[in-house]
Amino acid sequence: MPVPYFFLDFNAENACIYHNDCSAHHCAKLTDGNGEDGRSVYALENYGASVTVDRTHYDGLSACRQITSVMNTGRDSLLLDSLSSLFVPDIGFNGRKNDLPAWNEKRFILHYAPAAWQGEAQWQSAYVEDLGLYQTYNHNCQTTIQFSSVGSWSTGRQYPLIFLEDTAVGETWYFEIESGTGWYIEVNARGYQDNSGICVLLSSCHEKNDGWFADLKPGEKVTSTAAVYGCVKGGFEEALADLTAYKRLTSRVTFPDGVVPVFFNDYMNCLWAQPTRARLEALMKAAASVGCEYFCIDAGWFGKGEAWNLNNGDWMPNHKMVGEDGLEGIIRDIQKLGMKPGVWLEIETVSTSSDFAQAHPDCLLTRHGRQIGGGNCFMDFRKQPVRDHLMGVFDYLYSIGVRFIKNDYNHSTGLSADGADGTSNARYLRDHADAFYAFIDEVEEKHPGLLIENCG
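Now for a description of the structure that goes with this document. Keep in mind the model is a prediction, meaning the values are calculated, not measured.

Some details on the pairing of strand 8 (residues 108-114)
The side chains of a regular strand alternate, first on one face of the sheet and then on the other. Of all 7 residues in strand 8, 7 are buried; the element is thus mostly enclosed. Residues Phe108, Leu110, Tyr112 and Pro114 point to one face of strand 8 and Ile109, His111 and Ala113 to the other, with burial holding for every one of them. Relative to strand 11 (residues 158-166), strand 8 runs antiparallel, the two being bridged by 6 bridges. Following the sheet pairing, phenylalanine 108 is matched in strand 11 by aspartate 166. Across 4 bridges, strand 8 lies against strand 9 (residues 124-127) in antiparallel orientation. Counterpart to histidine 111 in the pairing with strand 9 is serine 125.

Here it is in structure tokens:
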């Protein structure tokens, strides 16, 4: 399997840099990891920059995880409008020399997964030429297959993952970008006539996708989102198995013997965010009787009245709704039935009518100076009051026995969020997302045994 490249685009020169061909672009290698674990650093002397590529391989798996970063090593500012997480070229490049079909002769099948709310992972498959790649006679291929997402709901319309099946040699590649904001995947062909191959680019830093750019001052650095790729013998199922093994190996959550516990949530087709003690007790007993190990109280456990959604973000229990002993009493009853208690949150959102939003309007994400989302906005996790407030919520829930959080995600920020200090709006949104992930790390470190499920 070839070593992946990195791909850069400098606004001033519009220069494309491929790290396996640095000499052709006036670049000098300082160190070279030769595709093994570790770090490779490349000096781009003509541009006053250095590129660092970090790769991690995993025993027994094809998976390789890559992160790319660029530092301004010059004396002037450096405007960067594209930075790949991963760029893998020349797949099937020498096919004709081996009497194998060219890429445009029904050789490569692309598997991809459109998604919709309540219709996730709708896998589709097609030959690359049927999806739009066209081989020209004496010019490089100018057509591409593109998948992208804009905003904070990174799986809302398309999963950031593709499989490329090479039917001629019985191998399948997979490529996934681990982005929680905007992302871009492009499949292209590189080379001339029959002597060309498939290229795959993955990026979350791409101006043409969502307006991302980085104006780096001397000494400043920007880092890509991580991406993972691999190539296995076999087809879609074999590649999916390898990727799944990578995900399980790198997951922060592990279960005894690899068996996931059984969770019961009271929302869908049950309480629909209208919990009462009587309703909960009936479901709790039924769940315990069939062996459920966790019981989660969904929306409706918080707020000041029946319109619980007006207080998203405060997360103060509505003790009256759940009857005698309030939320704490229900939590104890769940524990007595031998299950671990859980509650529903939508950590990143906040109602404009909530106490927190009223007290901290400067802690909400904005675009064009206005709060994003109408009545249900987004907290800005770059702001310390947000992190302090929500850590207090987790402290309270953990103290009364909550050991599971179903964290929902029902809204998207859209294109971007207002930045600061010359930062592009798309980059600011990415910084906010990174701050959110760092906050979750802090929560899990402070509260051992607390499971947080991504329901997004």
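Digging into the packing of helix 4 (residues 277-289) against helix 5 (residues 326-336)
Two numbers describe how helix 4 lies on helix 5: the axes approach to 11 Å, and their chain directions differ by 15 degrees. Between helix 4 and helix 5, the angle falls in the class roughly parallel. Viewed along their axes, helix 4 and helix 5 form a crossing whose handedness is right-handed. Residues Arg277, Leu280, Glu281 and Met284 of helix 4 pack against Gly326, Gly329, Ile330, Asp333 and Ile334 of helix 5.

Some points on the environment of glycine 132
Tracing the sequence through the fold places glycine 132 in the loop between strand 9 and strand 10 (145-149). By relative accessible area, glycine 132 is classed as partly exposed at 34%. In the structure, glycine 132 is positioned 13 residues away from isoleucine 145 in sequence and 6.4 Å away in space, judged by C-alpha atoms.

Reading the values: the criteria
- Residues numbered from 1 in each chain as written.
- Predicted model: local features only at pLDDT ≥ 70, side-chain atom pairs only at ≥ 80, totals over all residues.
- Heavy atoms only, no water.
- Buried < 20%, exposed > 50% of the residue type's maximum accessible area, 1.4 Å probe, protein only.
- Helix = DSSP H or I, 4+ residues; strand = E, 2+ residues; numbered from the N terminus.
- Pairing = 2+ DSSP bridges.
- Axes fitted to C-alpha atoms, helices over the stretch in contact; angles between N-to-C directions.
- Parallel < 35°, antiparallel > 145°, perpendicular 65-115°, else oblique.
- Left-handed = near helix turned anticlockwise from the far one by under 90°.
- Contact = heavy atoms within 4.5 Å.

These values are about where atoms sit, not about what they do.
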